[in-house]
Protein chains: 2
Amino acid sequence: MREFLVLFNHAPTSPDRVRLKDLPGSGRFDLVCRVTTQALLYSHGVRTDTVVHLLLRGPDDPPKTITVTGRRVRRLYPDERTTAIHLRRALEADPDTEPHPGIFVRRADLEDLLGEMKGAKLYYLSEDGRDLEEVEPEPDAVFVLGDHEGPTPEQDRLLRRHADAVISLGPIPYHADQCIVILHRYLDVKRPPEYAHGPSNVM
Amino acid sequence: MREFLVLFNHAPTSPDRVRLKDLPGSGRFDLVCRVTTQALLYSHGVRTDTVVHLLLRGPDDPPKTITVTGRRVRRLYPDERTTAIHLRRALEADPDTEPHPGIFVRRADLEDLLGEMKGAKLYYLSEDGRDLEEVEPEPDAVFVLGDHEGPTPEQDRLLRRHADAVISLGPIPYHADQCIVILHRYLDVKRPPEYAHGPSNVM
């Protein structure tokens, strides 16, 4: 299984702060949406082997972790607005529920998530890391990324302590959603997933 | 210079068909927007060496080609809605104008564009192509991609005739915007652009 954990320290945790007409001004909720869709969608299909954890730590009710699983999710479309509506509904829901098929919400901060992931191969993406092609990460692994402002120094220390390796994707700093696309393609070539070249499973 | 030419046979060419509340239902204008931003933006910067051509052939006034140049474009943000507003304004404008800094619109179909690109290295992306890493495309080149429905048989024939090579990105079919992210990263590593590791130039 491929897992992505993305840290959004400023993304809203209460639904009324997600304004569909201004997702960038809503704590960069546009980036939260793109991370979700780029993690889970390819052309005409859903990545059934992938899970994405969105750790939201902005106002007014932090922390919340929304987890979207490719195996269960339904009606996930590639555009930001539709995805924002799904995720906003998750912020309206009670913690520890699945308000939409394949979308779960709970109270969990970074320490909790790292605790759950114990035993998994964990890679932390940072510009000062070693080259992707040199590290050769396992396909069954957790990849941890920050948003446009990056993790806090405390989160950074915690992640470096837990990571099997720190990975850099090259000389250009990418958006979190772009990093995910690059990682997926690296893993697709390294070990093609079951849905490779098969019939489309959704949409 | 890196150039991307993306064929959208169903994307609207008249502004009233671009509905901000339903970009997917507007001839998949969400994909047009993501192609634009993924071609031109990295984290906190604009790719000043990149140009993207959006060939739109849907109703009601086809064909139109919108060209966005990284060197000139202003106020380009990564979210779909803001980008849709910019591009819709280009559809409102008279052909052969620059209605927004760095965004040009004109009457041009595939044959016209290929004529202009004569002499440039041209790579056509198709699932039956040769592996990216085997072709080793030049960084100064034009990459031509189809949208979610792909080029027409006639466009496909024309592109194969003009292309220096047909490239496949691997065992998974990607969205056009994902293909662009993958190509950019391949080229970034192969020959880091001027803005690599430099100060952010925009935003």
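Residues numbered from 1 in each chain as written. Chains lettered and ligands numbered in written order. Predicted model: local features only at pLDDT ≥ 70, side-chain atom pairs only at ≥ 80, totals over all residues. Heavy atoms only, no water.

If you look chain A up in UniProt, it shows as tRNA (pseudouridine(54)-N(1))-methyltransferase from Methanopyrus kandleri. Looking at chain A in UniProt, the text filed under Catalytic activity is "pseudouridine(54) in tRNA + S-adenosyl-L-methionine = N(1)-methylpseudouridine(54) in tRNA + S-adenosyl-L-homocysteine + H(+)". Of chain A, the UniProt comment under Sequence similarities reads exactly: "Belongs to the methyltransferase superfamily. TrmY family." (UniProt positions renumbered as here; feature names shortened; annotations may be inferred.)

**Q** Describe the interface of chain A and chain B, listing the residues and the values that go with them.
**A** Listed as interface residues are 38 residues of chain A and, on the opposing side, 38 residues of chain B. Summing the contributions of chain A and of chain B, the shared interface buries around 3500 Å²; its carbon and sulfur component is 56%. For the chain A face of the interface with chain B, the top three residues by lost area are Pro171, Ile172 and Arg185 of chain A, together amounting to 19%. If you look at where chain A meets chain B, you find two salt bridges. Arg185 of chain B is the partner of Glu133 of chain A in a salt bridge, and the nearest nitrogen-oxygen pair spans 2.7 Å. Where chain A touches chain B, the interface holds 23 residue pairs in polar contact (both at pLDDT 80 or more). Taken together, the elements giving at least two residues each to the side of chain A that touches chain B come down to helix H1 (29-40), strand S2 (41-42), helix H2 (80-92), helix H4 (132-135) and helix H6 (176-190) of chain A. (Contact = heavy atoms within 4.5 Å. Buried area = accessible area lost by both parts, 1.4 Å probe. Salt bridge = Lys/Arg side-chain N within 4 Å of Asp/Glu carboxyl O. Polar contact = N/O pair within 3.5 Å; in protein donor to acceptor, adjacent residues only side chain to side chain. Helix = DSSP H or I, 4+ residues; strand = E, 2+ residues; numbered from the N terminus.)

**Q** Quick rundown of the confidence of the model for chain A? Include the residues and the values.
**A** The share of residues in chain A with pLDDT of 70 or more is 97%, and the mean pLDDT across the chain is 96. Within the model, the stretch residues 199-203 of chain A combines pLDDT values under 50 with 13 contacts to residues more than four positions away or in other chains. (pLDDT = per-residue confidence, 0-100.)

**Q** Which residues make up the relation of the copies chain A and chain B, and what values go with them?
**A** In the superposition of chain A on chain B (RMSD 0.0 Å, axial shift 0.0 Å), the rotation amounts to 180°. Within this description, the copies of the chain are treated as partners about a two-fold rotation axis. Considering only C-alpha atoms, the part of chain A nearest the rotation axis is Ile182 of chain A, at 2.9 Å. Looking at chain A, 100% of its interface residues are interface residues in chain B too, so the copies touch through the same face. (Least-squares fit on C-alpha atoms with pLDDT ≥ 70 in both.)

**Q** Run through the packing of helix H1 (residues 29-40) of chain B against helix H6 (residues 176-190) of chain B, naming residues and quoting values.
**A** All names here are of chain B. It is the contact of H1 with H6, at a shortest axis distance of 8 Å, that shows an interaxial angle of 10°. What the angle tells us is that H1 and H6 run roughly parallel. Along the contact surface, H1 presents Leu31, Arg34, Val35, Gln38 and Ala39, while H6 presents Ala176, Asp177, Ile180, Val181 and His184. Across the contact of H1 with H6, the residue classes break down as six nonpolar, two polar and two charged. (Axes fitted to C-alpha atoms, helices over the stretch in contact; angles between N-to-C directions. Parallel < 35°, antiparallel > 145°, perpendicular 65-115°, else oblique. Nonpolar A, V, L, I, M, F, W, Y, C, P; charged D, E, K, R; others polar.)

**Q** I'd like a description of unusual backbone geometry, backed by residues and values.
**A** In this structure, Pro63 of chain A follows Pro62 of chain A across a cis peptide bond, with omega equal to -10°. Tracing the chain through its elements places Pro63 of chain A in the loop between strand S4 (50-56) and strand S5 (64-69). Geometrically, the link from Pro59 of chain B to Asp60 of chain B is a cis peptide bond, its omega value of 5° lying close to zero. Note on placement: Asp60 of chain B falls in the loop between strand S4 (50-56) and strand S5 (64-69). For Asp96 of chain A, which is not glycine, the phi dihedral falls at a positive 65°. Relative to the helices and strands, Asp96 of chain A resides in the loop between H2 and strand S6 (97-100). The phi dihedral of Glu136 of chain B is positive, around 50°, even though this residue is not glycine.

**Q** Could you give an account of the UniProt feature "binding site: S-adenosyl-L-methionine" in chain A, naming the residues involved and the relevant values?
**A** Residue and element names in this part refer to chain A. As recorded in UniProt, the feature "binding site: S-adenosyl-L-methionine" lies at Leu125, Gly146 and Cys179. Sequence-wise these annotated residues cover 55 residues; spatially they are packed, their C-alpha atoms never more than 10.3 Å apart. Among the secondary structure elements, Gly146 is positioned in strand S9 (residues 141-146). Take Gly146: its relative accessible area is 15%, and that puts it in the buried class. The residues contacting Gly146, other than those within four sequence positions of it, are Val6, Leu7, Pro151 and Ala176. Among the secondary structure elements, Cys179 is positioned in helix H6. (Buried < 20%, exposed > 50% of the residue type's maximum accessible area, 1.4 Å probe, protein only.)

**Q** Summarise the side chain of His86 of chain A; cite the residues concerned and give the values.
**A** Residue and element names in this part refer to chain A. Secondary-structure assignment places His86 in helix H2. A relative accessible area of 8% places His86 in the buried class. Residue contacts for His86: discarding those within four places in its chain leaves Arg74, Arg75, Leu76, His100 and Ile103.

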